[in-house]
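Chains, contacts and geometry: an overview
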Protein chains: 2
Amino acid sequence: MNETVQEGTFPSPGHHDETACARISQMLARISDKWSLLIIRTLGPGPMRFNALKRGIGDISQKMLASTLRDLEENGFVSRTVTPVTPPQVEYALTDLGRDFLVPVQGLAEWTMANSARIEAARAIYRLRVAAE
Amino acid sequence: MNETVQEGTFPSPGHHDETACARISQMLARISDKWSLLIIRTLGPGPMRFNALKRGIGDISQKMLASTLRDLEENGFVSRTVTPVTPPQVEYALTDLGRDFLVPVQGLAEWTMANSARIEAARAIYRLRVAAE
DNA sequence: GTAGCATGGTTACGAATCGTTACTGAGGAA
DNA sequence: TTCCTCAGTAACGATTCGTAACCATGCTAC
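Since the structure is predicted, the reported quantities are computational estimates derived from the model, not experimental observations.

1. Considerations on the side chain of A:S116
One can find A:S116 in helix α5 (residues 96–132). What makes A:S116 buried here is its relative accessible area of 5%. A polar contact of 3.4 Å, which involves the side chain of A:S116, links it to the backbone oxygen of A:M113. If near-sequence neighbours (up to four positions away) are discounted, A:S116 is found in contact with B:R23 and B:M27.

2. Thoughts on the interface of chain B and chain A
Reports often express the size of an interface as the amount of accessible area lost when the parts come together. Taken together, the contact pairs 44 residues of chain B with 43 residues of chain A. A combined buried area of about 4,300 Å² lies between chain B and chain A, and 67% of that area is made up of carbon and sulfur atoms. Counting every contact that joins chain B to chain A gives eight salt bridges. B:D100 is the salt-bridge partner of A:R118, the closest N and O atoms lying 2.8 Å from each other. Summed over the shared surface of chain B and chain A, the result is 12 residue pairs in polar contact (both at pLDDT 80 or more). The element best represented in the side of chain B that touches chain A is helix α5 (residues 96–132) of chain B, accounting for 21 residues. Counted by class, the side of chain B that touches chain A contains 20 nonpolar, nine polar and 15 charged residues.

3. Some details on the protein's contact with DNA strand C
In the vicinity of DNA strand C, 17 residues are found, and the nearest of them are A:K63, A:M64, B:N51, B:R80 and B:Y92. Those atoms of DNA strand C that come within 4 Å of the protein belong to sugar or phosphate at a rate of 65%. Between B:R55 and DNA strand C, the recorded distance is 3.2 Å, taken from a side-chain N or O atom to a phosphate oxygen. With respect to DNA strand C, the side chain of B:Y92 contributes an N or O atom lying 2.6 Å from a phosphate oxygen. Mapped onto the surface near DNA strand C, the elements with two or more residues apiece are α4 (62–74) of chain A together with α3 (50–57), α4 (62–74) and β3 (89–94) of chain B. Class assignment for the residues of the surface near DNA strand C results in seven nonpolar, five polar and five charged.

4. Here's the deal with the sheet that holds strand β3 (residues 89–94) of chain A
All names here are of chain A. Spatially, the three strands line up as an open sheet ordered β1-β3-β2, and their pairing is antiparallel. The open sheet terminates on both sides in strands that have one partner only, identified here as β1 (48–49) and β2 (78–83). Inspection of the sheet shows β2 paired to β3 by six bridges, in the antiparallel sense. Residue pairing across strands places V78 opposite L94, the latter belonging to β3.

5. Notes on the pattern of salt bridges
All names here are of chain A. Scanning the model with the defined rule gives 10 salt bridges over all chains in all. With a shortest N-O distance of 2.7 Å, D96 and R99 are connected by a salt bridge. With D96 and R99 both in helix α5 and three residues apart, this pair spans about one turn of that helix.

What counts as what
- Residues numbered from 1 in each chain as written.
- Chains lettered and ligands numbered in written order.
- Predicted model: local features only at pLDDT ≥ 70, side-chain atom pairs only at ≥ 80, totals over all residues.
- Heavy atoms only, no water.
- Helix = DSSP H or I, 4+ residues; strand = E, 2+ residues; numbered from the N terminus.
- Buried < 20%, exposed > 50% of the residue type's maximum accessible area, 1.4 Å probe, protein only.
- Polar contact = N/O pair within 3.5 Å; in protein donor to acceptor, adjacent residues only side chain to side chain.
- Contact = heavy atoms within 4.5 Å.
- Buried area = accessible area lost by both parts, 1.4 Å probe.
- Salt bridge = Lys/Arg side-chain N within 4 Å of Asp/Glu carboxyl O.
- Nonpolar A, V, L, I, M, F, W, Y, C, P; charged D, E, K, R; others polar.
- Near = heavy atom within 4 Å.
- Pairing = 2+ DSSP bridges.

From the geometry alone we can't say anything about function, so treat these as descriptive.
See below:
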């Protein structure tokens, strides 16, 4: 997305500096979108082909799947191997980096599953509060 | 965002079902955007006021901060307390739910920090590969 | 007294992104 | 022949994002 990456200086080690924060925000921005996390999670158990991945995720469009996969490949999370047969066969798999990344992603997903009821409850309360004005 | 949630059918029980996956994807979609994670992370150490938060994050616009904070409040992650003085004083803080959520979010952020070099390396390789065509 | 600044937003508008639909082109099944 | 699958791409409208301006209020400087 944002291609302008300026490498900062490290003014004082130990002190939690500005550039680290900027880097986190930049990296998080690259990673933390709906489809990336969902794709990485779906690829967790093993390699998958394009349409299998699409079916596995469910409501993703071909365009979003293709472009997000390209981003993930660019960032080194997934590998793309083409077998030139007919019909064409393209397999996507997590790289070592992707498998490492799966750990915090699964953490997030598991937390989400475990706490969806709490979120729903909070939303219900919020709706009541807004309705009461 | 997307309020139309259609509950699917259960074709075969025991088989890891569709609705759980749909729910995860829905919840992840609500949570996993750049600004939400960044705001939650920034609120980690303690409550903050609107402009302090804005300065803390850096390159967020008032509009995005305001609307993301409203979403986070709606989902029960942050609380908003207004002190009616002049100038108006609005304090945002993580709720219990938000503090719980901070754990996987910090996991993600720490992973990101620890592995940003690997991502950068992967990106460099990708650029070379693309340049070579 | 009035020009500027801060606070916490909202609104308008252009830009970027997202999602839906249609299409590719080769092969296999009906 | 017609339809389907494979892995996408192109066009286009809808949605969202970000920038800039504005709001009311009170404080300070001039």
